[in-house]
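Residues per chain, in single letters:
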Amino acid sequence: MNGRYSRQTLFPEIGQDGQKKLSSSNVLIVGCGALGAAHAETLARAGVGNIRIVDRDFVEFSNLQRQSLFSETDAIERHPKAIAAKNRLLEVNSEIEIEAIVADVNYSNIEDLVDDRDLILDGTDNFQTRFLLNDACVKHSKTWIYGAAVSSYGVTMTIIPQISPCLRCIFEELPDAGSSPTCDTSGVIQPIISVISAMQTTEALKILVGKTESLHQSLMQIDVWQNDWRRIKLGAPNADCKTCGHKNFEFLEAENAEFSAVLCGRDAVQISPQASTNLDLEALARKLQTLGDVKQNEYLVRLKYDQFELTVFRDARMIIRGTDDVSTARSLYAKLIGN
Ligand SMILES: [Zn+2]
């Protein structure tokens, strides 16, 4: 020991024993955007022994306002977020192991990603991936910590399968495509990221050192701009819950894959939501106007965005021209349509 953790071990709830537990712990952080990067930094500095980070995106300049691990060089060179995070974190703490995986998290890989982990932290930006994560964690009895932030608002909840309600006990079905705000269309300020990540990582430390009696056992909802802090105490899991009650892990089944993505022609991908919906195209066009040149008629909205041309139809399908990479297309869908 070189004194690195001395202030943390002085905190009696952690102590030397807790520090040993942290160093022998392994976690998964799903998504390395604003929340995921903040989780990774806190847990790496705290000495969590093995941190696996999975993310499908590249660093962009619009990330730098809130994504604390990344630099201008990362954005200029379009480094994958997982790799950029690993490189930065190893400068901060070379005594731990960091595994960076550049991948789209989906039904085919989620179970392998969670199976050998002590704990999973949500750093994703969409409900599809969270429902998938919830299925995998309940199936494999893994504790995971849900967290989301957009605008000045955030929410978090810690899920211990069979002991506390799971995500689907609270949110029974996916929201309709296009019905939820996203950071790319509604914006986000950095302080809400710090607050939600602080709550998620504090819960993580409690779990990893075995102090589960101190967990908040609530759905926490915070708006740092409106000065609104709400704590909704959680009861028992819902016996009728599809996921933790009936063990129906529908998001893990290939035929229910969250999106169908097909290559359509050269250099274009079509993304379709699992359930079709009736998008308010006028509202969508207004939201997207801040991002680029938008054209709209009664059937579709078309947006020029970076090197892509995106066409969104009323049934929430999107055709992305300018890529033949499915994970790039899914990422754009999650950011701009939201789900
Ligand atoms: Zn449940």
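Heads up: the structure comes first, above all this text.
Residues numbered from 1 in each chain as written. Predicted model: local features only at pLDDT ≥ 70, side-chain atom pairs only at ≥ 80, totals over all residues. Heavy atoms only, no water.

Engineer: Which parts of the structure should I look at to understand the environment of Asp228?
Structural biologist: The topology assignment puts Asp228 in strand β8 (residues 228–233). In this structure Asp228 comes out as partly exposed when scored by relative accessible area, which is 28%. A sequence separation of 60 residues divides Asp228 from Arg168, and the C-alpha atoms of the two residues are 25 Å apart. Reaching out from Asp228, the side chain makes a polar contact with the side chain of Arg230 at a distance of 3.1 Å. (Helix = DSSP H or I, 4+ residues; strand = E, 2+ residues; numbered from the N terminus. Buried < 20%, exposed > 50% of the residue type's maximum accessible area, 1.4 Å probe, protein only. Polar contact = N/O pair within 3.5 Å; in protein donor to acceptor, adjacent residues only side chain to side chain.)

Engineer: Explain the pairing of strand β6 (residues 153–159) here, please?
Structural biologist: In regular strands, side chains alternate between the two faces of the sheet. In terms of burial, β6 is a largely internal element, six of the seven residues being buried. Where strand β5 (residues 144–150) lies against β6, seven bridges are found, and the strand directions are antiparallel. Residue pairing for β6: Trp144 is matched across the bridge by Ile159. Here β5 hands over to β6 after two residues, with Ser151 in that stretch at a positive phi of 60 degrees. (Pairing = 2+ DSSP bridges.)

Engineer: Even after reading the chapter, I still don't get helix α10 (residues 190–208), so can you show me in this structure?
Structural biologist: Each full turn of the α-helix corresponds to 3.6 residues, which orients residues three or four apart in the same direction. For α10, spanning 19 residues, the distance from its first C-alpha to its last is 27 Å, which sits close to the expected 27 Å at 1.5 Å a residue. Buried residues dominate α10, accounting for 14 of its 19 residues. A positive backbone phi angle near 85 degrees is found at Gly210, which sits one or two residues after α10. (Expected span 1.5 Å × (residues − 1).)

Engineer: It is not clear to me how the packing of aromatic side chains should be interpreted in this structure. Could you clarify?
Structural biologist: Each aromatic ring pair is specified by the distance between its two centres and by the angle formed by the two planes. Using the criterion set out here, one finds six aromatic pairs in the structure. Between Phe127 and Phe171 the ring centres are 5.5 Å apart and the planes differ by 80 degrees, which places this aromatic pair in the edge-to-face class. With Phe127 in helix α7 (residues 127–139) and Phe171 in the loop between α8 (167–170) and α9 (183–186), this pair connects stretches of sequence that are 44 residues apart. Residue Phe171 is classed as partly exposed on the basis of its relative accessible area of 27%. Three or more aromatic residues link up through ring pairs in this structure, and these residues are Phe127, Phe131, Trp144, Tyr146, Phe171 and Phe251. Here the guanidinium or amino end of Arg78 rests over the ring plane of Phe58, the centre of that ring lying 5.4 Å away. Here the basic side chain of Arg317 rests over the ring of Phe313, its NZ or CZ set 4.2 Å away from the ring centre. (Phe/Tyr/Trp six-rings, centres within 6.5 Å; stacked < 30°, edge-to-face > 60°. Lys NZ or Arg CZ within 6 Å of the ring centre and 35° of its normal.)

Engineer: In this structure, what is going on with the packing of helix α3 (residues 34–46) against α10? I would like to understand it.
Structural biologist: Helix-helix packing: each pair is described by the crossing angle between the helix axes and the interaxial distance. In the contact formed by α3 and α10, the axes pass within 9 Å of each other and the chain directions differ by 45 degrees. It follows that α3 is oblique to α10 by the angle criterion. The crossing of α3 and α10 is right-handed. Of the residues in α10, those in contact with Ala34, Leu35, Ala38, His39, Thr42, Leu43 and Ala46 of α3 are Ile193, Ile196, Ser197, Gln200, Thr201, Ala204 and Leu205. Across the contact of α3 with α10, the residue classes tally to nine nonpolar, five polar and no charged. (Axes fitted to C-alpha atoms, helices over the stretch in contact; angles between N-to-C directions. Parallel < 35°, antiparallel > 145°, perpendicular 65-115°, else oblique. Left-handed = near helix turned anticlockwise from the far one by under 90°. Contact = heavy atoms within 4.5 Å. Nonpolar A, V, L, I, M, F, W, Y, C, P; charged D, E, K, R; others polar.)

Engineer: Explanation requested: the sheet that holds β6 in the structure shown.
Structural biologist: Backbone hydrogen bonds are what pair the strands of a sheet, in a parallel or an antiparallel way. If you walk across this open sheet you meet the eight strands as β3-β2-β1-β4-β5-β6-β7-β8, and the pairing is mixed. On the outer flanks of this sheet lie β3 (97–102) and β8, each paired with one strand and no other. Geometrically, the sheet is characterised by an average inter-axis angle of 15 degrees between neighbouring strands, direction not taken into account. In the sheet, strand β1 (residues 26–30) pairs with strand β2 (residues 50–55) via five bridges, with the strands oriented parallel. Bridge pairing in β2 places Val30 opposite Val54. Of the strands in this sheet, β2 and β3 touch helix α5 (residues 81–92), which is tilted by about 165 degrees from β3. Sitting on the sheet, α7 is in contact with β1, β4 (119–122), β5 and β6, with an inclination near 170 degrees to β5.

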